[in-house]
Amino acid sequence: MLLFTPGPTPVPESVRQAMATPTLHHRTPEFEAIFKEARERLLSLLGMDECVMIASSGTGAMQACMLNLCEKKALTINAGKFGERFGKIADAVGKGKIELCYEWNTPASVEDVEKALQENKDIDAIFIQVCESAGGLRHPVEAIAKCAKEINPQIMIVADGITAVGVEKIDVTHIDALVTGSQKALMLPPGLAMIGLSGKAVEKIGKGKDYYFNLATEIKNQQKNTTAWTAATTLIVGLNAIFDEIDKEGIDALYEATAKRSKATQAALEAIGFTMYPKIPALSMSTVFDEDAETIRKLLKTKYGVNMAGGQDHLKGKIFRINQMGLIPVYESAWVVNAIELALDELGKRTFDGTASRVFSETYFKV
Ligand SMILES: *Cc1c(COP(=O)(O)O)cnc(C)c1O
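Residues numbered from 1 in each chain as written. Predicted model: local features only at pLDDT ≥ 70, side-chain atom pairs only at ≥ 80, totals over all residues. Heavy atoms only, no water.

Observations concerning unusual backbone geometry
Note the following rule: The way it works is that DSSP assigns letters per residue, a run of H or I at least four long becomes a helix, a run of E at least two long becomes a strand, and they are numbered from the N terminus.
The omega torsion across Gly 7 and Pro 8 is -5°, close enough to zero to call that bond cis. Not every positive phi belongs to a glycine, and Asp 210 is a case in point at roughly 75°. With respect to the element layout, Asp 210 can be found in the loop between helix H7 (199-205) and helix H8 (215-222). The phi angle at Asp 313 is positive, at roughly 50°, despite the residue not being glycine.

Considering the sheet that holds strand E4 (residues 96-101)
What counts, and what does not: Following DSSP output, two strands are said to pair if at least two bridges run between them. Interaxial angle, 0 to 180 degrees, is taken between N-to-C directions of lines fitted to C-alpha atoms, where a helix line uses only the stretch in contact. In what follows, residue pairs with any heavy atoms lying within 4.5 Å of each other are defined as contacts.
With respect to topology, seven strands assemble into an open sheet ordered E2-E10-E9-E8-E5-E3-E4, the strand pairing being mixed. The sheet is open, and its two borders are formed by strand E2 (50-55) and E4, each paired with just one other strand. Averaged over neighbouring strand pairs, the angle between their axes works out to 20° when direction is ignored. Relative to strand E5 (residues 123-129), strand E3 (residues 73-78) runs parallel, the two sharing four bridges. Each bridged residue has a counterpart across the sheet, and for Ala 74 the counterpart in E5 is Ala 125. Strands E2 and strand E10 (192-197) of the sheet are contacted by H8, whose axis makes an angle of about 105° with E2.

Quick notes on the nonpolar core
Selection criterion: Note on terminology: a nonpolar core comprises buried Ala, Val, Leu, Ile, Met, Phe, Trp, Tyr and Cys residues joined through side-chain atoms within 4.5 Å. Exposure categories follow from relative accessible area, calculated using a 1.4 Å probe and restricted to protein chains: below 20% of the type maximum is buried, above 50% is exposed, and the middle band is partly exposed.
Core analysis: the biggest nonpolar cluster contains 58 residues, and Met 53, Leu 75, Ile 175, Leu 178 and Leu 239 have the highest contact counts within it. Apart from residues no more than four positions distant in its own chain, Leu 239 is found in contact with Ala 38, Met 53, Leu 186, Leu 188, Leu 192 and Met 194. Core analysis: the next-biggest nonpolar cluster, separate from the first, contains 30 residues, Leu 69, Ala 177, Leu 215 and Ile 219 among them.

Focus on the pattern of salt bridges
Put simply, the test is: By definition here, a salt bridge exists when the distance from a side-chain nitrogen of Lys or Arg to a carboxyl oxygen of Asp or Glu is within 4 Å.
Counting across every chain of the model gives 27 salt bridges. Its salt-bridge partner being Asp 313, residue Lys 81 comes within 2.9 Å of it at the nearest N-O pair. Separated by 232 residues along the polypeptide, Lys 81 in helix H4 (residues 81-93) and Asp 313 in the loop between strand E13 (306-308) and strand E14 (319-323) bring together distant segments of the chain. The salt bridge partner of Glu 150 is Lys 146, with a shortest N-O separation of 3.3 Å.

Encoded structure:
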């Protein structure tokens, strides 16, 4: 079965092998050397001043940012499940919040953010997804961050890049925290969360807040290549192994291949009559709105060996999402669109003539 869900993504064989080596104690020079290497490579991937790795799923890093970077009031952008989560975290940890809500196919607008900031002078941190995975939507994070900093240079911009880091080069000029997780574009098992931080964010963290998620304690330790609590040693070994895998061709080659696969998949799907769901599709996943989405998804799973993701809440049964994150062999993506075309034929919606596969190949290889 091909795993084509936008997280978790398949873990390459070499990475699984690296993680199968005997467990190291985390307070040893041996592990510290591994940690140092992972930390340097992560800093270079994120392109930020500082970074921390914490043992938790991605949501833990989202919460850590809320706890450590928002003092007065949060502005949360809700255009799907993950944006909604930022709002729920604010409620759970007792922060005041203003929430901007959008339909799940609609990116946040710079004007709305500007208006919210002007009306609520006490907002000191903005929480937004780079890619909102619920509908495969790309928010204009860079433009929002730039505008917010013009209004208030002290404001913290927290960008959830869990389905964007390792997918595309993100302009972090105005971003203070860039969150990512192990099980998406970094092709690791779940359990490791990572946060890139700006110098200003480190300043604001100060002595830190919270106990487990105290980022000041983590920064202090991680600068010495160790962690406050027991490190997720196996996943950090895996992180170096995935960087080795990515470095074979280089990160730019990965960005390029991801963009090309995304574009070819979209062209193929549109050629067989589908409409992309998001108004601005992210590169990390291809999301289609279709009344028969669930039937198509089930056929792909039972007959064609492809596991795609569906939708949640009001989009349950209405969309399917095809992963584009990670080192995906192009022939696998080509098979996915071909299988979807076969499913359409089976459902009596469109006669199979190989259009999806042809358009995919032409878009990927010929332009
Ligand atoms: C997967 C994902 C998360 C993190 O979810 P966890 O289950 O906590 O790892 C956060 N934000 C986005 C946009 C995601 O896609």
